[in-house]
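Topology and contacts: notes
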Amino acid sequence: MAIDKMLASISVDTSLIEEKLNRLLEMFSNHFSDELLSMVSGLLNNVVFENGSVAVRAGGPLDVVCILDFDAAAYDQIMTAARAFKADLTHK
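The rules we used
Within each chain, residue numbers correspond to sequence positions counted from 1 in written order. Reporting of local features is limited, given that this is a predicted model, to residues whose pLDDT is at least 70; pairs of side-chain atoms are given and counted only at 80 or more, and all residues count toward the totals for whole chains, interfaces and linings. The basis for every side-chain value is the complete set of heavy atoms in the structure, and neither hydrogens nor water enter the calculation. We call a set of buried Ala, Val, Leu, Ile, Met, Phe, Trp, Tyr and Cys residues a nonpolar core when their side-chain atoms join them within 4.5 Å. For every residue, the accessible area obtained with a 1.4 Å probe (protein chains only) is divided by the maximum for its type, and the residue is called buried under 20%, exposed over 50%, and partly exposed between those limits. Only DSSP runs of H or I with at least four residues qualify as helices, and only runs of E with at least two residues qualify as strands; both kinds are numbered from the N terminus onward. Pairing of aromatic rings covers Phe, Tyr and Trp, the last counted by its six-membered ring, and requires centre-to-centre distances within 6.5 Å; plane angles under 30 degrees mean stacked, over 60 mean edge-to-face, and any other angle means tilted. Our definition puts a charge over a ring when NZ of Lys or CZ of Arg is within 6 Å of the ring centre and also within 35 degrees of the ring normal. Criterion for a salt bridge: a side-chain nitrogen of Lys or Arg within 4 Å of a carboxyl oxygen of Asp or Glu.

A separate point is the nonpolar core. Counting 13 residues, the largest nonpolar core has Leu24 and Leu43 as its most contacted members. For this core, the secondary-structure elements that each account for two or more residues are helix H1 (15-26), helix H2 (34-42), strand S3 (62-70) and helix H3 (72-90). In terms of residues, this core owes the most to one element, H3, which gives five residues.

Attention shifts here to the packing of aromatic side chains. What the rule picks out here adds up to one aromatic pair. Ring geometry for Phe70 against Tyr75: centres 6.1 Å apart, planes inclined by 5°, an arrangement best described as stacked. Against the face of Tyr75 rests Lys20, its NZ or CZ located 5.1 Å from the ring centre.

We now examine the pattern of salt bridges. The tally for this structure, following the rule as stated, stands at two salt bridges. A salt bridge links Glu19 to Arg23; the nearest nitrogen and oxygen atoms lie 2.9 Å apart. Placement of the pair is Glu19 and Arg23 together in helix H1, with a separation of four residues, close to one helical turn. Put simply, Asp69 and Lys20 hold a salt bridge, and the shortest N to O gap is 3.1 Å. Highlighted residues: Asp69 in strand S3 and Lys20 in helix H1, separated in sequence by 49 residues. Of the two residues examined, Asp69 and Lys20, each falls in the buried class.

Next comes the structure, spelled out in structure tokens:
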């Protein structure tokens, strides 16, 4: 039995994660508590795969794009805490 070989290209798209981190970091200029910083770093444990695209060219390589994003519930929890922290800073 012959085994056919196929070239495959696998790439990772992190644009959703970058966009969400930038949105979160824009909320604060230089006021970051240690607790909030640890929550943000905890987001790295909540990275999930979104639906990726697969493209096949006739006689060409298989192109697979893995799209990464944060788990929606974990990100919403961080944003809620960040908004509460920012509101607390403005009222002081």
